[in-house]
Amino acid sequence: RKRGLRLCTQGWDINALSILFRELQTLAGACGRYGLLDVGERLFAMENFLAPFVQNVTIPDVAQTEAFTMQLAGLDLLIAQHEERHIEPAVTQAAQLTVAPARAGSYPLQVTPPPEYWKRFGPVPARPAPASTPKPAPPHAAVPAQKPPAPAIPTTTATVAAPIAAAPIAAAPTTAEQRKVFHLSDGNPLACEIDQKIEAAGYELTLLDRVDELKEVLAAFAPHLVVVDAPFQDALESVGDMVKAARTRLGRRLALLAFSDSAELPVRLRAMRAGADSFIPLPAQSGDVMGRIAELLDAETSDPFRVLIVEDDRSQAMFAESILRKAGMHTLAATDPLAALDQLDEFKPELILMDLYMPNCSGMELTAIIREREAFINTPIVFLSGEHDEEKHFEALNAGGDDFLSKPIRPKHLISAVTNR
């Protein structure tokens, strides 16, 4: 409603209209699936109202804008009813999902999914008909009501229509999990253009217009990137705290990109301290912004770092392995320092985590041997030891080490030291 009213009062943009139309399609379809008929009818009427404009690549005139404003006003009562409800009944209702019956010889489902939920993920390949004759339907079986199909959006060669064409399924990232983007946006033209390109690239986009709304969804869902528009710059510290809490809970990368109306150093420092991975001063080109977004989202899907851990204490080796693997790295532990030499060529580590004191061959001796091999002259070697004598630290670095970390070490410090190297 807020996004629609903004368009009605501040002026229409074909890209923003297209995004609003797709949101209405999604919401109207969801209302149909869950039996929310009153809300569904209103949303479906608004969807039908906007469909001709999307199809013909036009925007509403003054009279049509007034008519659409009236439709948006019709949502006021429904929104007020929703806001009057306390959060507890909603949580209780969500907890009372249907428990699936246990089946012999299989793991029981925790909840029963909505009927035909799989249809929302795209077309399903045809399957051969079963050999047995299907059971006839009961004489008085109820036939569920079908929602009329949404109007098709044709592709056109007009320049303005190019952003509206739906991205093909093949454009979606081929990662195990689709990249999710939360955009805290005020609906400015650059934001709308970026949102179009995010969806066209196959990423899953969620638009938000309030900081408290972002806090709610971050507590419940796990995105891969949070984008904050310049008008929310004053709330960047609180957004950064939310993102940091989500990172700790998820145990994986969650990037934060912040726009700003100023490129001054204090503003940049403020964004950095809030935990922003990327700072983009305005004005900016949408193509450059999308390049940065792609870097942030695809960093996790690129080849992970390979770390060889040389540690004679098995429990210590497993501790370091567990921490680095949770950070998305490939690890190999060698408890025999001499056997580690044979594993170098096969594993090809990008960094070696080296214990200082080991039987048969010390960490400094092994480092000197590794440095004699041309392929590993520049491979970072980081010592990890309980030795607190600074002279020993210097000896280890003089033997060819790049850094020295003292045990015990906090997990986030270990991850940071390895990643930076």
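Bear in mind the structure is a predicted one, so any value in this text is a computation, not a measurement.

**Q** I would appreciate a short explanation of the environment of A191 in the present structure.
**A** Secondary-structure assignment places A191 in helix α7 (residues 189–200). Those residues in contact with A191, other than ones at most four positions away along the chain, are H183, S185 and D229.

**Q** Explain helix α3 (residues 37–56) to me, please; I cannot follow it from the model alone.
**A** The periodicity of an α-helix, 3.6 residues per turn, causes residues three or four positions apart to be oriented the same way. Spanning 20 residues, α3 covers 29 Å between terminal C-alpha atoms, matching the ideal 28 Å at 1.5 Å per step. In the structure, α3 departs most strongly from a straight axis at L50, where the bend amounts to approximately 30° and where the proline P52 lies between one and four residues downstream. All of the buried residues along α3 are G40, L43, F44, M46, E47, F49, L50, A51, F53 and V54. Of the surrounding elements, those touching the buried residues of α3 are α2 (14–33) and α4 (62–73). Where α3 ends, the next residue or the one after it, V57, has phi of about 55°, a positive value.

**Q** Looking at this model, I keep getting lost on the packing of aromatic side chains. Mind explaining?
**A** How two aromatic rings sit relative to each other is set out by the distance from centre to centre and by the angle between their planes. Tallied over the full model, the rule gives four aromatic pairs. Taken together, a centroid distance of 5.7 Å and an interplanar angle of 50° make the contact between F49 and F53 tilted. Highlighted residues: F49 and F53, both in helix α3, separated by four residues, approximately one helical turn. Between F49 and F68 the ring centres are 5.4 Å apart and the planes differ by 20°, which places this aromatic pair in the stacked class. Taken together, the positions of F49 in helix α3 and F68 in helix α4 put the pair 19 residues apart, joining distant regions of the chain. The rings of W12, F49, F53 and F68 are connected pair by pair, giving a single aromatic cluster.

What counts, and where the lines are drawn
- Residues numbered from 1 in each chain as written.
- Predicted model: local features only at pLDDT ≥ 70, side-chain atom pairs only at ≥ 80, totals over all residues.
- Heavy atoms only, no water.
- Helix = DSSP H or I, 4+ residues; strand = E, 2+ residues; numbered from the N terminus.
- Contact = heavy atoms within 4.5 Å.
- Expected span 1.5 Å × (residues − 1).
- Bend = angle between axes of the 7 residues up to and from the residue.
- Buried < 20%, exposed > 50% of the residue type's maximum accessible area, 1.4 Å probe, protein only.
- Phe/Tyr/Trp six-rings, centres within 6.5 Å; stacked < 30°, edge-to-face > 60°.

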